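Spelled out from the first residue to the last, the chains are:
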Amino acid sequence: MKKKRPEYRDLFPGALELMILKSLSWRPMHGYALAQRLTDISEDYLQIEEGSLYPALQRMLKAGWLETEMGLSARNRPVRIFKVTEAGRKHLEQELASVEKMFAGVTRVLALAGQ
Amino acid sequence: MCLLKQLFTRRRRYDELSESIREHLEEKVADLMDQGVTREDAERTARRKFGNLTQIEERSRAIWQWPTLESILADVKYAIRQMRKAPGFSAVVVIILALGIGANTTVFSIVDAVMLRPLPFAQPQRLVEVKGSEEQHFESSDVSYPDFFDWRARARSFEHLLSYHDIAETLTGVNRPLRLDGEVVSWEMVPTLGISPALGRGFSAEDEKRGSRVILISHAFWKTQFSEDRSVLGRSISLGGNPYTIIGVMPAGFRFPVTQPNNSFWTTLAVDSDATDIRPLTVNRSVHFLTVIGKLKPGVTITQADQEMKALAASLAKQYPDTNTRHNSAWVQSELASVLGDTSTLLLVVLGAVTLVLLIACGNIANLLLARVHERYREIAMRSALGAARSRIVRQLLAESLLLGLIGGIAGCVLAFISTPAVLRLIGDSVPRAADAGVDLPMLGFALGVSLLSGVVFGIVPALTASKTDLVSTLKEGGYSDTPSHDWLRSSVVVGQIALGIVLTVGAGLLISSFVRLTRLDEGFISDHLLTFTFELPDSTYKDTRPQFYQQYFEKLRALPGVQSAAGVHNLPMTDDLAMIGFENPEHPVPKGRQPNADLTFISTDYFRTLQVPQLRGRDFTDADNMQAPQVMIINEAFAKRYFPGEDALGKKLRPGATNGMPGGPPLREIVGVVGNTRHFGTQREMPPAMYLPVGQLPNWCCLRSVVRTSVDPMSLEPAVLKLVSSMDSNLPVTQVRTMDDLFSLQLAQPRFAMILLGTFAGLALLLTVIGLYGVMAYSVSRRTREIGVRLALGAQRSAVMRMVLHDAAVLLLIGIAIGVAASVASASVLKTTLYGVDPHDPFVLTVVCISVTLTGFLAAYIPSIRAASIDPMKALRSE
């Protein structure tokens, strides 16, 4: 079995990417802001080292779901902002749909199991 | 493509990544400082929260990379750096490898061309050769026309059967008469070989009928003689005074037989059914001179065909006991095997030898690498201390040896490219199809494969050894730890090299001594100052006037300045011409089919004097031995010994089966002379019985080859001879102008090239072995400097130190030699067919080889032993 990296416990495969895509499609952000946002929204579900975002971000850049552009941080410093591309948006929609389907399935199965 | 783009944009990606991470940390630090943390603490916390910065950056970068390829590239880069760091070492390795791989590639390209390539015909795997043979003796023989016709009509295993034999004809009606080589074939040539004419049609069954004269011509002949004129079809050309109609042109590259690349034309066996002959060849069951190729029906195996043909030959022997008793069996083998004959053994021996050379070379390099591993222990230990896995180190070291292998391979290809033409010149015509060898894809593929393979062979042991490095002790001892197991390894490599070197040198020694014996053999005549050449007197002009022409011609020839004597002979020694014929001894009659055979040739007067064959008894032929005189013959010593043991052969009468137009068949001939034996082929193992008949008593037989004993350089007579012949008839091209020494040398081409190649390889192997031994001893001395220093400091004699080193070398040598001798004795029998007059286990050769290997081995160990003895104990002890 593959050893799970300690700093990256995924809820399900692709969860981190999904969260990144969802967050960034709400608002393009730079790395630090994204890390803070993820910590805020996931709280205890997702304990990540901030750095572990970066390999994921690179993967998504390579897949063409994200792109970068220069922008300003909350402190008015020039920073690289990550933005969701059209392809990324499509991917997000697909993934959300399949996640919803999965949850629906799980709910149904659990409901049936209780009867 | 985007891969390329990715490579270029990657640098920018990496920069952006680092920037992003830096920005991230700065923001975080700023946030933390806003909360009142000191800058120092804020930075520390930010980094801790971020995680392992280097690792994360590396992993993020890795997204953009092709991980395996990149790390291999890194290995290669590192390997190149390592090579640059040790240019001398790398150069030595590359040179050794280039020699090994170059030799292998050269030999392989020849083996590929000769043995591996299919014959250039359609479905070559279905082509077989069918030979006649005698059941008891397994000696194969050529086939007679009537037998061939019966086979063709009755055999069920074949789609087609094709008979052929060589012919040479003079093309006249052109500016300069031209001697052309060709082939007389049965009509099925095109369907059997599956190669259609590029122009025109193939033969049909009607073309075999008596009186038909049609030919197919070669593409080369079409090009040179007819400038590729397409209207050549239907045109008539004159060959040997007879008109032939061109019905087709074979495609360029068509060669049949494959061993006769110069054939210009193919005609049908109609030429052999000439009604003007007393008994045309096509109806003469006792003249065996055809080669037969069969195309097996699909699904028929060679064994099945062999069985059918054996049964068929046996039934023909019952039907025609007079002629076929000695041809009561047959023999089918694949056509490729028959083309190759004995040469495949020879080539495999050479290939084996050259493989051993490469193996020895790999051994040397492995030892060099093992020595270097010692020097690199610290580096390797450092790498594994920094977290390199064992597999990673093995891969790194293997990358280095593969790179060396590749560079050696490239250098080897260059070497092969240069040496192949030289080797081909050496081989000449002695190996069929060898001339096709050259730089091509299979050869380059082979070189690449061998390079990588040898890279692994010489790299794997050092790499595994190195990766087993014990970290702690190596680093603690500063990399100077002694690991005796590696000495053991290096020593066994050297022992193996010595053993292989012995095997090769013994093989070469056997071939050399066999060759020396061949050249020193008594041919039975004196071969220097002899010029030979030939021209044909075509039946169309000379059918009745041949004897007169010859008489005039030899008179004029003998009168040329520089000519001591001259004669004509049908089957000259050292040419491949040979005829055997049965004879009858009225004193000891045997049933007709069981008559004994002997070599037969017919000669002019003065033949024995010209070749200086000793006249042992009786007389030579004279001009008086003509058709009107009593019929006579001369025999050689071997003939007299075998058929007249303890008797006087002179005056005995025999009836050789040579018809000469006299009524009542072949005449009874009186033996008037006994001459010394002559060797007919350069590699003939024994002197066979032979009969000589006077040409004056065989007026219808054609033709004589001229042989001239000269008092000057034989070749200097060539112009005078050509002038003489053309002055007598300008339509007689003279061909095959050669000295007897050249003919002899051609005969020995195959044993010579085997000897030279194997000798070269053995020399190379011995050199590499000695270098290897020297390397091991020198290295062991340098590693034991301290130990030797201590010994000397404690009072050891310098001579004792020397003896110690020499003793070590002697142990390696003796073990290697013992193994090598055992292996040679076990394997030498593969050389049996290529050896003449030498036993494969010749003790003389074995002894000489062992002594010379021992001596050179000691020489190689002597230098390190001197160095060991001259170690200064003080310096040695201080140096570490």
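Keep in mind the model is a prediction, meaning the values are calculated, not measured. (Residues numbered from 1 in each chain as written. Chains lettered and ligands numbered in written order. Predicted model: local features only at pLDDT ≥ 70, side-chain atom pairs only at ≥ 80, totals over all residues. Heavy atoms only, no water.)

Chemist: Just give me the short version of the overall build of chain B, but keep the residues and values in it.
Modeler: The number of helices and strands found in chain B is 28 helices and 22 strands. Based on the C-alpha atoms only, the size of chain B along its principal axes is roughly 135 × 75 × 55 Å. Counting every position in chain B, which comprises 880 residues, the buried fraction comes to 52%. A distance of 6 Å separates the average location of the 87 positive side-chain charges in chain B from that of its 84 negative side-chain charges. (Helix = DSSP H or I, 4+ residues; strand = E, 2+ residues; numbered from the N terminus. Buried < 20%, exposed > 50% of the residue type's maximum accessible area, 1.4 Å probe, protein only. Lys, Arg positive; Asp, Glu negative; His and termini not counted. Charge placed at Lys NZ, Arg CZ, Asp CG, Glu CD.)

Chemist: Could you give an account of the overall build of chain A, with specific residues and numbers?
Modeler: Scanning chain A from terminus to terminus reveals four helices and three strands. Counting from the amino terminus, helix and strand elements in chain A follow one another as α-β-α-α-β-β-α. A total of 115 residues make up chain A; the buried ones form 41% of that total. Of the roughly 7200 Å² that chain A leaves accessible, carbon and sulfur atoms contribute 55%. (Areas by Shrake-Rupley, 256 points an atom, 1.4 Å probe, with all protein chains shown as cover.)

Chemist: Residues and numbers for the packing of helix H12 (residues 343-375) of chain B against helix H24 (residues 749-783) of chain B, please.
Modeler: Helix-helix packing is characterised by the crossing angle of the two axes and by the distance between the axes. Residues and elements named next belong to chain B. For the pair H12 and H24, interaxial distance at closest approach is 10 Å and the crossing angle is 15 degrees. When the axis of H12 is compared with that of H24, the two are roughly parallel. Our pair here, H12 against H24, has a crossing hand that is left-handed. Across the contact of H12 with H24, the residue classes break down as 20 nonpolar, seven polar and two charged. (Axes fitted to C-alpha atoms, helices over the stretch in contact; angles between N-to-C directions. Parallel < 35°, antiparallel > 145°, perpendicular 65-115°, else oblique. Left-handed = near helix turned anticlockwise from the far one by under 90°. Nonpolar A, V, L, I, M, F, W, Y, C, P; charged D, E, K, R; others polar.)

Chemist: Give a detailed account of the side chain of Ser-527 of chain B, specifying residues and quantitative values.
Modeler: All names here are of chain B. Along the chain, Ser-527 falls in the loop between helix H17 (484-520) and strand E12 (530-534). Take Ser-527: its relative accessible area is 14%, and that puts it in the buried class. Polar side-chain contacts of Ser-527 include one of 3.1 Å to the side chain of Asp-741. With near-sequence residues (within four places) excluded, Ser-527 lies in contact with Met-740 and Asp-741. (Polar contact = N/O pair within 3.5 Å; in protein donor to acceptor, adjacent residues only side chain to side chain. Contact = heavy atoms within 4.5 Å.)

Chemist: Now, about the packing of H24 of chain B against helix H27 (residues 843-869) of chain B: what can you tell me, with residues and values included?
Modeler: Residues and elements named next belong to chain B. Contact geometry of H24 with H27 gives a least axis separation of 9 Å together with a crossing angle of 25 degrees. In terms of orientation, H24 and H27 fall into the roughly parallel class. Pair H24 / H27 crosses with right-handed handedness. Here H24 contributes Leu-766, Val-770, Leu-773, Tyr-774, Met-777, Ala-778 and Val-781 to the contact with H27, which in turn contributes Val-853, Thr-856, Gly-857, Ala-860, Ala-861, Ile-863, Pro-864, Arg-867 and Ala-868.

Chemist: Which residues make up the interface of chain A and chain B, and what are the values?
Modeler: Each partner contributes to the interface: chain A provides 25 residues, whereas chain B provides 23 residues. Taking both sides of the interface into account, the surface hidden between chain A and chain B amounts to around 2400 Å²; carbon and sulfur atoms contribute 50%. Remark: the boundary between chain A and chain B carries five salt bridges. Asp-34 of chain B is the salt-bridge partner of Arg-75 of chain A, the closest N and O atoms lying 2.5 Å from each other. Put simply, the parts of the chain that give the side of chain A that touches chain B at least two residues each are helix H2 (31-42), helix H3 (53-63) and strand E3 (78-84) of chain A. Here the side of chain A that touches chain B takes six residues from H3 of chain A, the largest share from any one element. Residues that form the side of chain A that touches chain B fall into these classes: eight nonpolar, eight polar and nine charged. (Buried area = accessible area lost by both parts, 1.4 Å probe. Salt bridge = Lys/Arg side-chain N within 4 Å of Asp/Glu carboxyl O.)

Chemist: Give me the nonpolar core: which residues, what numbers.
Modeler: All names here are of chain B. If you look at the biggest cluster of nonpolar residues, it comprises 117 residues, and the most contacted ones within it are Ile-110, Tyr-607, Tyr-692 and Phe-761. Those residues in contact with Tyr-692 that lie beyond four places of it in its chain are Thr-601, Ile-603, Tyr-607, Phe-608, Phe-621, Met-633, Ile-634, Asn-636, Val-675 and Thr-678. Counting 43 residues, the second largest nonpolar core, distinct from the first, contains Leu-537, Ala-566, Phe-644 and Leu-704. (Core = buried A, V, L, I, M, F, W, Y, C linked by side-chain atoms within 4.5 Å.)

Chemist: Tell me about the packing of aromatic side chains, and name the residues and values.
Modeler: With the rule as written, the count across this model stands at 24 aromatic pairs over all chains. Both rings, one in Tyr-607 of chain B and one in Phe-608 of chain B, keep their centres 5.4 Å apart while their planes meet at 65 degrees; by these two values the pair is edge-to-face. Neither Tyr-607 of chain B nor Phe-608 of chain B differs from the other in exposure class; each is buried. Each member of the aromatic cluster is reached from another via a ring pair, and the members are Phe-535, Tyr-542, Phe-549, Tyr-550, Tyr-553 and Phe-554 of chain B. The ring of Trp-26 of chain A carries Arg-37 of chain A above its face, with NZ or CZ at 4.1 Å from the centroid. When the ring centre of Tyr-14 of chain B is taken as reference, the NZ or CZ atom of Arg-61 of chain B above it lies at 4.4 Å. (Phe/Tyr/Trp six-rings, centres within 6.5 Å; stacked < 30°, edge-to-face > 60°. Lys NZ or Arg CZ within 6 Å of the ring centre and 35° of its normal.)

Chemist: Talk me through the sheet that holds E3 of chain A; I want residue IDs and the actual numbers.
Modeler: Residues and elements named next belong to chain A. Read from one edge to the other, the open sheet built from three strands follows the order E1-E3-E2, with strand pairing classed as antiparallel. For this open sheet the edge positions go to strand E1 (29-30) and strand E2 (66-72), each flanked by a neighbour on one side alone. In the sheet, E2 pairs with E3 via seven bridges, with the strands oriented antiparallel. Across the sheet, residue Leu-72 finds its bridge partner in E3, namely Pro-78. (Pairing = 2+ DSSP bridges.)

Chemist: Quick one: what's the story with the state of the cysteines, residue by residue and with numbers?
Modeler: Residue and element names in this part refer to chain B. Applying the stated criterion across every chain yields a total of zero disulfides over all chains. Sulfur of Cys-362: no disulfide; nearest cysteine sulfur belongs to Cys-413 and is 15 Å away. Residue Cys-362 is classed as buried on the basis of its relative accessible area of 5%. (Disulfide = S-S within 2.5 Å.)

Chemist: Please set out the pattern of salt bridges residue by residue, giving values where relevant.
Modeler: Scanning all chains against the criterion turns up 40 salt bridges over all chains. One salt bridge connects Arg-61 of chain B with Glu-57 of chain B, and the closest N-O pair in it is separated by 3.9 Å. Here Glu-57 of chain B and Arg-61 of chain B lie together in helix H3 (residues 53-62), a separation of four residues that amounts to about one turn. Residue Arg-61 of chain B is classed as partly exposed on the basis of its relative accessible area, which comes to 28%. On the accessibility criterion, Glu-57 of chain B (19% relative accessible area) is buried. For Glu-647 of chain B, the salt bridge is made with Lys-652 of chain B, and the minimal N-O distance between the two is 2.9 Å. Here Glu-647 of chain B falls in the partly exposed class, since its relative accessible area comes to 37%. Of the residues examined, Lys-652 of chain B reaches a relative accessible area of 16% and is grouped as buried. A network of salt bridges, in which partner residues are shared, links Arg-77 and Arg-80 of chain A together with Glu-19, Arg-22, Glu-23 and Glu-26 of chain B.

Chemist: Residues and numbers for the side chain of Glu-183 of chain B, please.
Modeler: Residue and element names in this part refer to chain B. The topology assignment puts Glu-183 in strand E4 (residues 178-185). Comment: no salt bridge for buried Glu-183; closest opposite-charge side chain is Arg-255, at 12 Å. Within the structure, the side chain of Glu-183 is placed 3.4 Å from the backbone nitrogen of Asp-166, a separation counted as a polar contact.

Chemist: Just give me the short version of the environment of Ser-227 of chain B, but keep the residues and values in it.
Modeler: Residues and elements named next belong to chain B. Within the secondary structure, Ser-227 is located in the loop between helix H8 (219-226) and strand E7 (236-239). By relative accessible area, which is 60% here, Ser-227 ends up exposed. With 372 residues separating them along the chain, Ser-227 and Asp-599 place their C-alpha atoms 44 Å apart.

Chemist: Can you break down a nonpolar patch on the surface residue by residue, with the values?
Modeler: Residues and elements named next belong to chain B. On the surface, a nonpolar cluster with roughly 580 Å² of combined accessible area is contributed by Ile-410, Val-414, Phe-417, Ile-418, Val-439 and Leu-444. Take the nonpolar patch: its biggest share by element is four residues, from helix H14 (residues 390-427). Exposure remark for Val-439: the relative accessible area of 43% places this residue in the partly exposed category. (Patch = residues over 30% accessible without salt bridge, like charges linked within 9 Å, V, L, I, M, F, W, Y side chains within 5 Å.)

Chemist: Got a sec to walk through the confidence of the model for chain B? Specific residues and values, please.
Modeler: Counting all residues, the mean pLDDT for chain B is 86, and 96% of those residues have values of 70 or more. For this predicted complex, the interface confidence reaches an ipTM of 0.83, while the overall pTM sits at 0.75. (pLDDT = per-residue confidence, 0-100.)

Chemist: Any details on H27 of chain B? Residues and values, ideally.
Modeler: For H27 of chain B, built from 27 residues, the straight-helix expectation of 39 Å at 1.5 Å per residue is met to within 8% by its first-to-last C-alpha distance of 37 Å. Residues of H27 of chain B that are buried include every one of Val-845, Leu-846, Val-849, Cys-850, Val-853, Gly-857, Ala-860, Ala-861, Pro-864, Ser-865, Ala-868 and Ala-869 of chain B, and no others. (Expected span 1.5 Å × (residues − 1).)

Chemist: How would you sum up the pairing of strand E17 (residues 632-636) of chain B? Please name residues and give values.
Modeler: Residue and element names in this part refer to chain B. Of all the five residues making up E17, five are buried; the element is thus mostly covered by neighbouring parts of the structure. Along E17, one buried face is formed by Val-632, Ile-634 and Asn-636 and the opposite face, lined by Met-633 and Ile-635, is buried too. Summarising the sheet, E17 and strand E19 (residues 669-675) pair through five bridges and their orientation is parallel. Residue pairing in the sheet places Met-633 in a bridge with Ile-671 of E19. Where E17 lies against strand E20 (residues 690-694), two bridges are found, and the strand directions are antiparallel.

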